[in-house]
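Structural features, examined
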Amino acid sequence: MKRMMTFVLLLMVIAAQAQTTRKFTINLTEGGEANMVSFLPEHPSGKAIVGIPGGGYSMLSNTHEGTQWSDWLNKQGIAYFVVNYRLPHGDRSIPIGDVEKGFRIVRDSASVWGINPHDVGIMGFSAGGHLASVISTMSPYEVRPDFTILFYPVISMDERVSHKYSCINFLGEEGYKNPELVKKYSTNNAVKRHLTPPAIIITANDDRLVPPVTNAIAYYSAMRNAGNECTMHIYPTGDHGFGVGPWFKYHDQMLTDLGNWLNNLKVHQPDAIRVACIGNSITDGHGIEMAPQHGYPALLQQRLGEGYWVKNFGVSARTMLNKGDHPYMNEMAWRDALAFNPDIVIIKLGTNDSKPQNWQYGSEFKQDLKQMITQLCPTLAAPAKKKGKKAKTTVPVKPQIYLCTPIPAFKSTWEINDSVIVNGIIPIQQEVAKEYGLQVIDLHTLFAEDSDKVLPDGIHPNEKGVRKMAEIIAGVLKP
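Residues numbered from 1 in each chain as written. Predicted model: local features only at pLDDT ≥ 70, side-chain atom pairs only at ≥ 80, totals over all residues. Heavy atoms only, no water.

**Some words on the packing of helix H11 (residues 296–304) against helix H17 (residues 463–477)**
Which entries qualify depends on this criterion: Think of each axis as a best-fit line through the C-alpha atoms, taken over the contacting stretch in the case of a helix, with angles from 0 to 180 degrees between the N-to-C directions. In DSSP terms, a helix is any run of H or I states spanning at least four residues, a strand is any run of E spanning at least two, and both are numbered starting from the N terminus. Each angle is binned into one of four classes, with values under 35 degrees roughly parallel, values over 145 roughly antiparallel, values of 65 to 115 roughly perpendicular, and all other values oblique. Here a crossing is called left-handed whenever its near helix is offset anticlockwise from the far helix by less than a right angle, and right-handed whenever the offset is clockwise. Contacts were defined at the residue level, with two residues in contact if any of their heavy atoms lie within 4.5 Å. Under this grouping Gly is polar, as are all residues other than the nonpolar Ala, Val, Leu, Ile, Met, Phe, Trp, Tyr, Cys and Pro and the charged Asp, Glu, Lys and Arg.
Packing of H11 against H17 leaves a shortest axis separation of 8 Å and a crossing angle of 45°. In this view, H11 runs oblique relative to H17, as classed from their interaxial angle. In this structure, H11 meets H17 at a crossing whose hand is right-handed. Residue-level inspection shows Tyr296, Leu299, Leu300, Arg303 and Leu304 of H11 in contact with H17, the latter providing Val466, Arg467, Met469, Ala470, Glu471, Ile473, Ala474 and Leu477. Its residues placed into classes, the contact of H11 with H17 shows ten nonpolar, no polar and three charged.

**Quick word on the sheet that holds strand S10 (residues 308–314)**
Where we set the bar: Pairing between strands is defined by DSSP: at least two bridges between them are needed.
Read from one edge of the open sheet, five strands run S10-S9-S11-S12-S13, paired in parallel fashion. In the strand order of this sheet, the two ends are held by S10 and strand S13 (439–441), each with one partner. Going across the sheet, the axis of each strand differs from the next one's by a mean of 20°, ignoring polarity. Of the strand pairs in this sheet, strand S11 (residues 344–348) and strand S12 (residues 400–404) are connected by four bridges, and their pairing is parallel. Looking at S12, one finds that Ile346 is bridged to Tyr402.

**Observations concerning the packing of aromatic side chains**
The following threshold applies: Two rings from Phe, Tyr or Trp (for Trp, the six-membered ring) form a pair when their centres sit within 6.5 Å of each other. Planes less than 30 degrees apart are called stacked, planes more than 60 degrees apart edge-to-face, and all others tilted. We call a residue buried when its accessible area falls under 20% of the maximum for its residue type, exposed when it is over 50%, and partly exposed in between, using a 1.4 Å probe and counting protein chains only. The rule is short: NZ of Lys or CZ of Arg within 6 Å of the ring centre and within 35 degrees of the ring normal puts a charge over the ring.
Applying the stated criterion to the full structure yields 23 aromatic pairs. A ring pair is formed by Phe147 and Trp261, whose centres lie 6.1 Å apart and whose planes are at 75°; its orientation type is edge-to-face. With Phe147 in strand S6 (residues 147–151) and Trp261 in helix H8 (residues 251–263), the pair connects residues that are 114 residues apart, well separated along the chain. For the residue pair Phe147 and Trp261, the accessibility class agrees, reading buried in each case. Stacked on the ring of Phe340, the Lys or Arg Arg274 has its end atom at 5.7 Å from the ring centre. Its guanidinium or amino end placed over the ring of Phe447, Lys468 lies 5.2 Å from that ring's centre, counting from NZ or CZ.

**Considerations on the layout of surface pockets**
The condition that has to hold: Using only the protein atoms, space was sampled on a 1 Å grid; points where a 1.4 Å probe fits but cannot get out form cavities, open sets with protein on both sides within 12 Å along at least five of seven lines form pockets, and lining residues are those with an atom within 4 Å of a point. Grid points are joined across faces, edges and corners, and a volume is the space filled by probe spheres set on the points.
The computed volume of the largest pocket comes to approximately 1300 Å³. Lining the largest pocket are 42 residues, with Lys266, His268, Trp309, Val310 and Lys311 positioned closest to its centre. At the level of elements, helix H3 (93–108), helix H10 (291–294), H11 and S10 are the ones that each hand at least two residues to the lining of the largest pocket. Ranked by the residues each element gives to the lining of the largest pocket, the list is headed by S10, at five residues.

**Side note on unusual backbone geometry**
Look at Ser126: it is not a glycine, yet its phi comes out positive at around 55°. Relative to the helices and strands, Ser126 resides in the loop between strand S5 (120–125) and helix H4 (127–138).

**Describing the environment of Lys355**
Relative to the assigned elements, Lys355 resides in the loop between S11 and helix H13 (356–359). For Lys355, a relative accessible area of 11% gives the class buried. The residues touching Lys355, leaving out its near neighbours within four places in the chain, are Trp414, Glu415 and Ile416.

**Some remarks on the sheet that holds S6**
If you trace the eight strands from one edge of the open sheet to the other, you get S1-S2-S4-S3-S5-S6-S7-S8, paired in mixed fashion. Both outer strands of the open sheet, strand S1 (20–27) and strand S8 (230–235), are each paired with one neighbouring strand and no more. Averaged over neighbouring strand pairs, the angle between their axes works out to 15° when direction is ignored. Pairing analysis gives four bridges linking strand S3 (residues 48–52) to strand S4 (residues 79–84), with the strands arranged parallel. Directly across from Gly51, in S4, lies its bridge partner Val82. Strand contacts of H3: S1, strand S2 (35–41), S3, S4 and S5, with the helix running at about 150° to S5, the strand carrying the most contacts. Across the sheet, H8 lies against S3, S6, strand S7 (199–204) and S8, angled at about 165° from S6, the strand it touches most.

**Some thoughts on the pairing of S11**
Across the five residues that make up S11, a large majority, five, are buried. The side-chain alternation of S11 yields two buried faces, one formed by Ile344, Ile346 and Lys348 and the other by Val345 and Ile347. Where strand S9 (residues 273–279) meets S11, five bridges bridge the pair, whose relative direction is parallel. The partner of Ala276 across the bridge, within S11, is Val345.

**Focus: the pairing of S4**
The side chains of a regular strand alternate, first on one face of the sheet and then on the other. Short version of the rule: The handedness of a crossover follows from its direction of travel: if, with the strands pointing away from the viewer, the path from the first strand over the helix to the second runs clockwise, the crossover is right-handed.
For S4, a buried count of six out of six residues is recorded, marking the element as mostly surrounded by other parts of the structure. Burial along S4 is two-sided: the residues Ala79, Phe81 and Val83 and Tyr80, Val82 and Asn84 are all buried. Here S2 pairs with S4 via five bridges, running antiparallel. Among the inter-strand pairings, Ser38 is bridged to a residue of S4, identified as Phe81. Between the parallel elements S3 and S4, the chain passes through helix H2 (residues 70–75) in a crossover that is right-handed.

**Comments concerning the nonpolar core**
Nonpolar side chains in soluble globular proteins generally cluster together in the buried interior. Definition in use: In this description, a nonpolar core means a group of buried Ala, Val, Leu, Ile, Met, Phe, Trp, Tyr and Cys residues linked to one another through side-chain atoms lying within 4.5 Å.
Counting residues in each nonpolar core, the largest one holds 53 residues, and the members touching the most others are Ile52, Phe81 and Ile115. Among residues more than four places away in sequence, those in contact with Ile115 are Gly46, Ala48, Ala79, Phe81, Val106, Ala110 and Val120.

**Section: the environment of Ala298**
Inspection of the secondary structure assignment puts Ala298 in helix H11. The sequence separation of Ala298 and Ala470 amounts to 172 residues, and the corresponding C-alpha distance is 8.4 Å. Leaving out residues up to four positions away in the same chain, Ala298 has contacts with Pro292 and Gln293.

**Concerning the environment of Lys23**
One can find Lys23 in strand S1. Separated by 205 residues in sequence, Lys23 and Asn228 place their C-alpha atoms 35 Å apart.

**Examining the confidence of the model for the protein chain**
Rule in force here: For every residue, the pLDDT score states the predictor's confidence, bounded by 0 at the bottom and 100 at the top.
Residues of the protein chain with pLDDT of at least 70 account for 93%, and the chain-wide mean is 93. Note on residues 390–395: pLDDT is under 50 here. Beyond four places in sequence and across chains, it has twelve contacts.

Put into structure tokens, the structure is as follows:
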């Protein structure tokens, strides 16, 4: 009997060990001051998480907020990478650079490690949660996570409502007194509609070190106000720093909640056809509650199906004109759209260009539109000299670019001028489309009799209007 018990225990140990098939460490700096401890699962699901331990930016709590997570995550088939970053000592670029480098390695090695490069998340704790939120909101698209997990995070850099020493250590002795830096790195201020990845926030109501209301809840509020996907779990007790520790009263419930959230995340496959929707407030979804889920790009995704990946890069009030009051090509969304490496691009700009303060530069609209097109598609040859001939290229043209005419401005709200749209902007779009061999989707004509499909402002589509936009564009992309 004793031998049988020993044999069973041995099998249990072997089974537990089998969840992690490989463990190795990668140096992120030449001398190994920063490194990444990697745990690859035996049966990979394709998902990966980059872990960022806490410690107030003065030390690393990399056991229960780091390596001890590997067992549970690997059992779920999730590859796990703990970044032991260098402490900032007032130079915030140091830990940011370490985490971004680790993230880049994970994505670059995705095919070797059985990872979907579009299913890589970040998980941060306390000050590590602040660092994870910085990466989620401010880092370039290539190293921004696909989802974010924040445990009792430091969010505010205002030491009066946050963890004082995290603020001082991250911003420096002088920086933490600088209102501009405090505002910039209080990451609830950095959340961007459509661009900041889905998040789950886990904290305890009785946290005395990092007040939840001015930190965790502030980030949740910013995400919800932007319409971005966000979930929050506030457990009655647990104070601060419970991590994956079994002493946490709600440990099992927390793992169940986190596991369910991870299992229900939308995942796009690497071979999906990527569709970038570029535009102003009409693309962004002005006036549509929870626009990231109910705006025209989201409805377009539903119509096109799983073989497509539609992403919204709309920003309200933006212009095609680089001398306009809010040029689109100055935005993070534009840089993200380029980095997205789309197969198809839907450009819907021009409405705000019709305003008097913008259209005074209308003579430059054509060159700015052409600049956008050639930056999106560098392989597109210069227009053919002979009238009526399409441009010739030596390599396949990617992406396919579609120009949408503005929908009618049924009112002159904000001095938007439908006459300028009809007589100035649309003819230029048609001319440029002809030069480059592009297709024009004439929303202006198709919406001409649909004043009931816009909001009372006469400019922005209502729910019926965005549904019609999605139907029209889907019909062009996928007849």
